[in-house]
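Notes for the structure review
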Amino acid sequence: MTPTPPLQPLLADAVIAFDAPTQVWADDAGRMGTAPIHGIYHGDVRQIRAVEMRVDGSSLESIACSSPTPQRVILTDVLRGLDDESADPKVRLDRERVVAPGAFSERILLARHLGGPARIALTVHLTPDFAPMQLVKAGMSAETVWEWDGTTCRAGEAAFTLSAPGASVSSDGERLTLRWDVEVAPHGAASVDWSLVLTDPTLVVTSPAASVAEALEAPVDPRAARWLQQATADLAALRLAIPDHPDDAFYAAGAPWFFTLFGRDSIWAARLALDVDTRIAVSTLRVLARLQGTKHDATTAEAPGKIPHELRSGALSLPNEGVHLPPLYYGTVDATPLWVCLLADVHDAALSTDELREFLPALRAALNWMTEHGDASGSGFIDYADESGHGLANQGWKDSGDSIQWRDGHLADGPIALSEVQAYAYEAAVRGAALLDALDEPGADELRTWAADLRARFRDAFWVTTTEGHYPAIALDAHGAAVDTLTSNIGHLLGTGILDAEEERACAELLTADSMSSGYGIRTMSTGAAGYWPLSYHGGSVWTHDSAIAVHGMLRAGLVDDAQAIAGQLLDVAEGFHYRVPELHSGDTRIPGGRPVPYPAACRPQAWSAAAAVVTAQALA
């Protein structure tokens, strides 16, 4: 029998408690270690793989699991092996797990509604792991050697310190065992506590200084209010900072794999959530400006003025995907113009001209990257190609290797010029020119000329006609041919100014038609394309942020009815996923009385999926 190759862990049924950069994954009975994703993570290391709770004399039968905040999970079990023979359960075990940055605690409450005292033994087994996140994601196991000195468990730089008052603690070299003998009075209760402090001095991110998001006027629809409440709580728990600048927060991209800075993701999350938190948008701009590229380096994909893709403590290797990225990686073609767009948004919303001047050097460098370095192949458009041989093959938001396809299903040859990147660049140039004018700085006229030329060339090169209609192609390939698949990328063009009003209406009509609209948001690829598959990561699934960007653009384009139609679908998605919307879900057509089908490996929460709640509320207001 052929052995099963390592597979990425599934997440759909797991329960998370988190406060970045720490996260805990278990099942809905509180068991930790029964699925590959389970464990206690700090940064990019899973420090504990399994936590097993035992009560002498009885099994634990789960009856409830709730998560009142992102940081807390409350679990209830009944212990019928210690009960009497009546129908009502009279012995119960309640556990409250709480996560904070670099900390985990659990309170165990044992209660009896029976006469007579009882002495009950409770045992918690902890299995240290110290597996790098990249191995967990690849479905591979770690063989880490760890040391235990009686209070602290350590493997290399990573460590956790255990506190378990009243417990006997022992180690057999495979796991740690905590044991309490608990006295419970008649009709009484008793509790024990244990906790961890998790450390890793190699982390390049940390929890930020405290701040509170601004209030958004409560939506009329109670479901929208419920989603907004959950989303803002999740966004608050996803906040991170760079240790040298703890006051400048940004949103981590998402759990479990992306608890760090991602240029594109952090920008879009801040942009979509701008109405509830302008300050994190400003600090996100600062964080990325400090990391802006200064030189050409094919290994890291760095270029002068370029905004980075992701930041990690060490190199990232994904053996299943053939990807090996340096700790600071610049392989993103869209983060740089999006940085300029966010700066313009923030200036319009909250930033004075004097405050804007702080960003002038980064603004000029970003605009210069667009106009001087973005067209690496000489195609006349901003494009990308992986020059290192081990970076990301695709460097737009659809960054999987098979995301840029022709309608017949074959892959496009690179370098690739994405349609939405030209739209971002057009908007960035026009609005960047306005920022230069506001600062009384030169160069605005040249930017407007560059933008007008780009817009004209876009209209000539990108529009295609197929049996599905007339629309902008997803991309131009290495030969300048328009890759003719109808995709959700056209939603990103709306409101940027690269299309005229009639073209925007035509794109919105396609996005809300049956081939693109699943009933639970906009599909990434039309059902009319040969490569369409509802569980394809970027080839037929629905990404909430992708649909929200289309809603954002529709609102800016004045297409309110279309925006409300898609926003209503996203609200149904939120309800179907209990208001913590995952990274993506299946593109299956909606069935009356059904619910959205999960993409079982989707991250949740994801910052830009949470931020979609803000745009949805705006559209439905």
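Residues numbered from 1 in each chain as written. Predicted model: local features only at pLDDT ≥ 70, side-chain atom pairs only at ≥ 80, totals over all residues. Heavy atoms only, no water.

1. What about empty space enclosed by the protein?
- One pass over the full model with this rule turns up four cavities of 30 Å³ or more.
- Along the walls of the largest cavity sit Val15, Ile16, Ala17, Val24, Ala26, Asp27, Gly30, Val73, Leu75, Arg97, Val99 and Phe104, which together make up its complete lining.
- Secondary structure elements with two or more residues in the lining of the largest cavity: strand 1 (15-19), strand 2 (22-26), strand 6 (72-78) and strand 7 (91-100).
- When residues of the lining of the largest cavity are assigned to their parent elements, the largest contribution, three residues, is made by strand 1. (1 Å grid on protein atoms, 1.4 Å probe; cavity = no way out; pocket = protein on both sides within 12 Å on 5 of 7 lines; lining within 4 Å. Points joined across faces, edges and corners; volume = space filled by probe spheres on them. Helix = DSSP H or I, 4+ residues; strand = E, 2+ residues; numbered from the N terminus.)

2. Overview of the layout of surface pockets
- Here the second largest pocket is characterised by a volume of approximately 650 Å³.
- What lines the second largest pocket is a set of 23 residues, among which Ala14, Phe577, His578, Arg580 and Arg604 lie closest to the centre.
- For the lining of the second largest pocket, the leading source of residues is strand 5 (residues 61-69), giving four residues.
- Its residues assigned to classes, the lining of the second largest pocket shows twelve nonpolar, five polar and six charged. (Nonpolar A, V, L, I, M, F, W, Y, C, P; charged D, E, K, R; others polar.)

3. Some thoughts on the nonpolar core
- In terms of nonpolar packing, the biggest core is built from 150 residues, with Trp227, Trp339, Leu343, Leu363, Met370, Ile404 and Met554 touching the most fellow members.
- Element by element, the count of residues in this core is highest for helix 8 (residues 419-438), at ten residues.
- Every residue in contact with Trp227, bar those within four places of it in the chain, is listed here: Thr544, Leu570, Leu571, Ala574, Tyr579, Val581, Ser609, Ala612, Ala613 and Thr616.
- Membership of the second largest hydrophobic core comes to 44 residues, among which are Ala26, Ile120, Val182 and Leu198. (Core = buried A, V, L, I, M, F, W, Y, C linked by side-chain atoms within 4.5 Å. Buried < 20%, exposed > 50% of the residue type's maximum accessible area, 1.4 Å probe, protein only. Contact = heavy atoms within 4.5 Å.)

4. Considering the environment of Gly491
- Structurally, the position occupied by Gly491 is in the loop between strand 26 (482-483) and helix 10 (501-511).
- Taking relative accessible area as the criterion, Gly491 reaches 1% and is therefore assigned buried.
- Taking the C-alpha atoms as reference, Gly491 lies 4.4 Å from Ala550; in sequence the two are 59 residues apart.
- Once residues lying within four places of it in the same chain are set aside, the contact partners of Gly491 are Leu511, Ile549 and Ala550.

5. Some details on the sheet that holds strand 9 (residues 118-132)
- Taking strand neighbours across the sheet as the criterion, the seven strands line up as 1-2-3-4-9-14-13 in an open arrangement whose pairing is antiparallel. Because the sheet does not close on itself, it has two edges, and the strands there are strand 1 and strand 13 (168-171). For this sheet the average axis-to-axis angle between neighbouring strands, irrespective of direction, equals 20 degrees.
- Here five bridges tie strand 1 to strand 2, and the two strands are oriented antiparallel to one another. Looking at strand 2, one finds that Ile16 is bridged to Trp25. (Pairing = 2+ DSSP bridges. Axes fitted to C-alpha atoms, helices over the stretch in contact; angles between N-to-C directions.)

6. A word on the side chain of Arg431
- The residue Arg431 is located in helix 8 in this model.
- For Arg431, the side chain forms a polar contact with the side chain of Glu427, separated by 2.8 Å.
- Ignoring any residue separated from it by four or fewer positions in sequence, one finds Arg431 in contact with Arg271, Cys341, Ala344, Asp345, Asp348 and Arg556. (Polar contact = N/O pair within 3.5 Å; in protein donor to acceptor, adjacent residues only side chain to side chain.)

7. Digging into helix 10
- Those residues of helix 10 that fall on the buried side of the exposure criterion are Glu503, Glu504, Cys507, Ala508, Leu510 and Leu511. All buried residues of helix 10 lie within an arc of 160 degrees about the axis, which places them on one face of the element. Summarising the geometry of helix 10, the exposed residues directed more than 90 degrees from the buried face are Glu502 and Glu509.
- Where helix 10 is buried, its residues meet helix 9 (444-462), strand 23 (463-466), strand 24 (469-472), helix 11 (544-556) and helix 12 (560-576).
- By the N-cap criterion, in which a side-chain oxygen at the helix start approaches the backbone nitrogen of a residue two or three places on, helix 10 is capped by Asp500, the distance to Glu502 being 3.2 Å. (Arc of directions from axis to C-beta.)

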